[in-house]
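Residue-level structural notes
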Amino acid sequence: MNKVVDLATVKQEQEFNLFIEESVQLNKDLVAEAIVNMKNQYSTEFIIDTYACQLLAHGLQQFDKEKLISSIANGSIFDAKSVLINSLIADPAISSVL
């Protein structure tokens, strides 16, 4: 049996990866500042998770209904959130204030 690559899934993963890279680059200073300013009120995990959810929600607003349903069904939204959180934590600007 031949193995086949689902090009739609690959394209969607590439779009999420590009979205994550751009989101981290554009928002790393804002997230780092929020961590510094709110560290005494909230845990750093909560702050990063909140920003990741907001960024992901903003990115998903551009999806049409079919694409959004597909992303939910195949779990790529949840993977993207996890990768976004890990990417934020790994960024030097953010990791320096953790």
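The structure reproduced in this document is the subject of the present report. (Residues numbered from 1 in each chain as written. Predicted model: local features only at pLDDT ≥ 70, side-chain atom pairs only at ≥ 80, totals over all residues. Heavy atoms only, no water.)

1. Comments concerning the packing of aromatic side chains
Overall, the coordinates contain two aromatic pairs when judged by the stated rule. Above the face of the phenylalanine 63 ring, lysine 67 is positioned so that its terminal group lies 4.7 Å from the ring centre. (Phe/Tyr/Trp six-rings, centres within 6.5 Å; stacked < 30°, edge-to-face > 60°. Lys NZ or Arg CZ within 6 Å of the ring centre and 35° of its normal.)

2. A look at the nonpolar core
Counting residues in each nonpolar core, the largest one holds 23 residues, and the members touching the most others are Val31, Ile35, Ile48, Leu84, Leu88 and Ile94. Elements that contribute at least two residues to this core include exactly α1 (7-38), α2 (44-60) and α4 (76-90). Take this core: its biggest share by element is eight residues, from α1. For isoleucine 94, the residues in contact, after removing those within four places along its chain, are Lys28, Val31, Ala32, Ile35, Ile48 and Leu88. (Core = buried A, V, L, I, M, F, W, Y, C linked by side-chain atoms within 4.5 Å. Buried < 20%, exposed > 50% of the residue type's maximum accessible area, 1.4 Å probe, protein only. Helix = DSSP H or I, 4+ residues; strand = E, 2+ residues; numbered from the N terminus. Contact = heavy atoms within 4.5 Å.)

3. Some remarks on the side chain of threonine 44
Position of threonine 44 relative to the elements: it lies in helix α2. Not counting residues within four places of it along the chain, the set of residues in contact with threonine 44 comprises Ile35, Lys39 and Leu98.

4. Details of the side chain of aspartate 91
The topology assignment puts aspartate 91 in the loop between α4 and α5 (92-95). Here aspartate 91 sits buried without a salt bridge, and the closest side chain of opposite charge, lysine 28, lies 4.1 Å off (N-O distance). Apart from the residues within four sequence positions on either side, aspartate 91 is in contact with Val24, Gln25 and Lys28. (Lys, Arg positive; Asp, Glu negative; His and termini not counted. Salt bridge = Lys/Arg side-chain N within 4 Å of Asp/Glu carboxyl O.)

5. Some remarks on the pattern of salt bridges
For the coordinates displayed, the defined rule picks out two salt bridges. Across the pair glutamate 15 and lysine 67 runs a salt bridge, and its minimum N-O distance is 2.5 Å. Of this pair, glutamate 15 sits in helix α1 while lysine 67 is found in helix α3 (residues 65-73), placing the two residues 52 residues apart along the sequence. The class for glutamate 15 is partly exposed, based on a relative accessible area of 29%. Residue lysine 67 is classed as partly exposed on the basis of its relative accessible area of 28%. Between lysine 81 and aspartate 49 there is a salt bridge, with its nearest N and O atoms 3.0 Å apart. Of this pair, lysine 81 sits in helix α4 while aspartate 49 sits in helix α2, and the two are 32 residues apart along the sequence. We classify lysine 81 as partly exposed; its relative accessible area is 24%.

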